[in-house]
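# Reading the structure
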Amino acid sequence: RRARPDAAPQGYRLCDAKDVEGELLPDYDLWVTLRGGNGPWAQRKAHGVWIDQLKQHALREIERLEATERARLKEIAVERRRRLADEELKLRVAEAEKERKRRAEEEARARALREEEEARRRQEADRRWRLQQPRQCKACSGSGRCHVCE
């Protein structure tokens, strides 16, 4: 035998007790009245109160489920935004690293060109200096014993 949803439940809750998730139990006084403990007229009236409580409970359950779904969707959106921010940060870091490497290579090339130019300038200065130095006589090798050196 299957119980009707609006039939009096088998159990009750204490007055101070909270509703268990998903299951609604009437408080003791309502339960007794639903069982007919206070007469048929009170039982019919209690039945209406019980139906209202079941409807309110169903609405609260729907609201709780909707709130849970909203929270889940919000969490998904937050996670998506965080992921996008992480990816954007990774891209910016990669671009910054690429730019740093490009600048380092450019500076290395410029430094190599400066060093090469400096070496060329030194060689040219050395060559000029050697050309300005007095030359030894090829005949006497600078001993001064030839007719050109005398």
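Summary of the structure given here.

Cut-offs and rules
Residues numbered from 1 in each chain as written. Predicted model: local features only at pLDDT ≥ 70, side-chain atom pairs only at ≥ 80, totals over all residues. Heavy atoms only, no water. Salt bridge = Lys/Arg side-chain N within 4 Å of Asp/Glu carboxyl O. Helix = DSSP H or I, 4+ residues; strand = E, 2+ residues; numbered from the N terminus. Buried < 20%, exposed > 50% of the residue type's maximum accessible area, 1.4 Å probe, protein only. Phe/Tyr/Trp six-rings, centres within 6.5 Å; stacked < 30°, edge-to-face > 60°. Polar contact = N/O pair within 3.5 Å; in protein donor to acceptor, adjacent residues only side chain to side chain. Contact = heavy atoms within 4.5 Å. Core = buried A, V, L, I, M, F, W, Y, C linked by side-chain atoms within 4.5 Å. Patch = residues over 30% accessible without salt bridge, like charges linked within 9 Å, V, L, I, M, F, W, Y side chains within 5 Å. Areas by Shrake-Rupley, 256 points an atom, 1.4 Å probe, with all protein chains shown as cover. Lys, Arg positive; Asp, Glu negative; His and termini not counted. Charge placed at Lys NZ, Arg CZ, Asp CG, Glu CD. Expected span 1.5 Å × (residues − 1).

Let us look at the pattern of salt bridges. Evaluated as defined, the whole model comprises 16 salt bridges. Of the charged contacts, one joins R100 and E97 as a salt bridge, the two residues approaching to 2.5 Å between their closest N and O atoms. Of this pair, R100 and E97 both sit in helix α2 (residues 40-132), 3 residues apart, which is roughly one turn of that helix. Look at E97 and you get partly exposed, because its relative accessible area is 33%. By sharing partners, the salt bridges in this structure join E99, R102, R103 and E106 into a single network.

Time to look at the packing of aromatic side chains. Centre-to-centre distance and the angle between the planes together describe a pair of aromatic rings. Summed over all chains, the structure comprises 1 aromatic pair. Measuring from centroid to centroid gives 6.2 Å for Y28 and W31, while their planes differ by 35 degrees, and the two rings are tilted. Of this pair, Y28 and W31 both sit in helix α1 (residues 28-34), 3 residues apart, which is roughly one turn of that helix. Residue Y28 is classed as partly exposed on the basis of its relative accessible area of 40%.

Turning our eyes to something else, we now look at the side chain of T33. Tracing the backbone shows T33 in helix α1. Among the polar contacts made by the side chain of T33, one reaches the main-chain carbonyl oxygen of D29 at a distance of 3.0 Å. What T33 contacts, discounting residues up to four positions off in sequence, is N38, A42, Q43 and A46.

Considering soluble globular proteins, one finds that nonpolar side chains tend to be buried as a cluster. Core analysis: the largest hydrophobic core is formed by 5 residues, namely L24, L30, L34, A46 and W50. Taken together, the elements giving at least two residues each to this core come down to α1 and α2.

Together, K74, R80, R81 and R83 make up a region of like positive charge exposed at the surface. Within the secondary structure, R83 is located in helix α2.

Taking 1.5 Å per residue, 93 residues should reach 138 Å; α2 reaches 135 Å between its end C-alpha atoms and fits that length. Inspection of α2 places A42, A46, W50, H57, E61 and A77 among the buried residues, and these make up the whole buried set.

The next point concerns the environment of T33. Given the relative accessible area of 11%, T33 is considered buried. The spacing of T33 and A46 is 13 residues in sequence and 6.2 Å in space, taken between C-alpha atoms.

Keep in mind these values describe shape, not function.
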